[in-house]
Amino acid sequence: MSFTGLSMGSGTARRAFEFGQTYVVKPKGKHQATIVWLHGLGDNGSSWSNLLETLPLPNIKWICPTAPQRPITLFGGFPSTAWFDINDLSENAIDDNEGLDASAAYVASLLATEPPHIKLGVGGFSMGAATSLYSATCFVRGKYENGNSYPVNLSSVVGLSGWLPCAKTLSNKLEGVEGAVSRATSLPILLCHGKGDDVVPYKFGDKSSQKLCSCGFQDVAFKSYTALGHYTIPEEMDEVCAWLTSKLGLEGKS
């Protein structure tokens, strides 16, 4: 599917991003929540859908889209599946606002068609986690960076081995925004990061958690794992399951 972000005011169309195949894991019990789960750089929706299907969360419908193929500056322009462009894995990296907006809008479009009584969430791994956290900030602001309104109500955000894009400017962007304080206060966020991560350093996750808290996000849980590298382990997924069950009020098999 092609998805284009529009520049507010100018009326000029931005780049169109061709998103790949979407994989859906249907709930095995009563449908109470739908979560869009985003893969990491170079991956696709299939690998995570296979893992999510094994989790003891029968009330959740998982939507696992595949990011567009795009040239990656970090790879010297070599194309890869990615939710946005990335030029560096450092705190001085340049944020690809256009790519972030397009992916966050695509995620919201997948959630927008769910029934009104279903709780909505977004989560992901690595770059997918970054996109999820960006989506959380768009929800709290009520709009994307390009000015378009954010259309869905998020009830949970999960980020594994990721980071918070646009962290340096977040507090300024939230100042004086009507409803932002209440949305930030009430949105549950779970961040997990391994201290042995040699791709996205542990300090990125730790600092992202601290930044969210300093910007008014009051329900942020940060879980660290001593020996964990840039991958997931059963202990971490058990934490995700317990947290989602608690925060979303999932009933179990019924």
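This text gives an overview of the structure that appears in the document. Quantities reported herein were computed from a predicted structural model and do not represent experimental measurements.

The subject of this paragraph is the pattern of salt bridges. In this structure the tally under the stated criterion is seven salt bridges. A salt bridge links Glu145 to Arg141, with the nearest nitrogen and oxygen atoms 3.0 Å apart. For Glu145, a relative accessible area of 30% puts it in the partly exposed group. Note on Arg141: relative accessible area 13%, which makes it buried. For the salt bridge of Glu239 with Lys223, the shortest nitrogen-to-oxygen distance reads 3.9 Å.

Next up on the list: the sheet that holds strand 4 (residues 33-38). With respect to topology, seven strands assemble into an open sheet ordered 3-5-4-8-9-10-11, the strand pairing being mixed. Only two strands of the sheet have a single neighbouring strand rather than two, namely strand 3 (23-25) and strand 11 (220-225). The sheet shows a mean angle of 15° between the axes of neighbouring strands, taken without regard to direction. For strand 4 and strand 5 (residues 60-64), the ladder comprises four bridges, and the chain directions are parallel. Considered in strand 5, the bridge of Ala33 is made with Ile60. Relative to strand 4, helix 2 (residues 97-111) is tilted by about 155°, and along the sheet it contacts strand 4, strand 5, strand 8 (119-125) and strand 9 (154-160).

As a further point, take helix 2. In this model helix 2 runs 21 Å from its N-terminal to its C-terminal C-alpha over 15 residues, within 8% of the 21 Å that 1.5 Å per residue would give. Most of helix 2 sits out of view: 12 of its 15 residues are buried. Listed as buried for helix 2 are Gly99, Leu100, Asp101, Ala102, Ser103, Ala104, Ala105, Tyr106, Val107, Ala108, Leu110 and Leu111.

This part covers the layout of surface pockets. If you add up the space inside the largest pocket, you get close to 480 Å³. Lining the largest pocket are 25 residues, with Ser90, Glu91, Trp163, Leu164 and Ala167 sitting closest to its centre. Among the residues forming the lining of the largest pocket, the class breakdown is 12 nonpolar, four polar and nine charged.

If you look at the biggest cluster of nonpolar residues, it comprises 52 residues, and the most contacted ones within it are Leu154, Leu187, Ile189, Leu212 and Phe217. At nine residues, helix 2 tops the list of elements feeding residues into this core. For Leu154, the contacting residues outside a window of four places in its chain are Leu111, Leu120, Gly121, Val122, Ser135, Ala136, Phe139 and Leu187. In terms of nonpolar packing, the next biggest core, distinct from the first, is built from 26 residues, Trp62, Ala221, Cys241 and Leu250 among them.

Moving on, we get to the environment of Glu53. Within the secondary structure layout, Glu53 lies in the loop between helix 1 (45-52) and strand 5. Classification of Glu53 as partly exposed rests on a relative accessible area of 44%. It is 15 Å that separates the C-alpha atoms of Glu53 and Gly252, two residues lying 199 residues apart in sequence. In this structure Glu53 touches Val25 and Lys28, once residues within four positions along its chain are discounted.

Conventions used here
Residues numbered from 1 in each chain as written. Predicted model: local features only at pLDDT ≥ 70, side-chain atom pairs only at ≥ 80, totals over all residues. Heavy atoms only, no water. Salt bridge = Lys/Arg side-chain N within 4 Å of Asp/Glu carboxyl O. Buried < 20%, exposed > 50% of the residue type's maximum accessible area, 1.4 Å probe, protein only. Pairing = 2+ DSSP bridges. Helix = DSSP H or I, 4+ residues; strand = E, 2+ residues; numbered from the N terminus. Axes fitted to C-alpha atoms, helices over the stretch in contact; angles between N-to-C directions. Contact = heavy atoms within 4.5 Å. Expected span 1.5 Å × (residues − 1). 1 Å grid on protein atoms, 1.4 Å probe; cavity = no way out; pocket = protein on both sides within 12 Å on 5 of 7 lines; lining within 4 Å. Points joined across faces, edges and corners; volume = space filled by probe spheres on them. Nonpolar A, V, L, I, M, F, W, Y, C, P; charged D, E, K, R; others polar. Core = buried A, V, L, I, M, F, W, Y, C linked by side-chain atoms within 4.5 Å.

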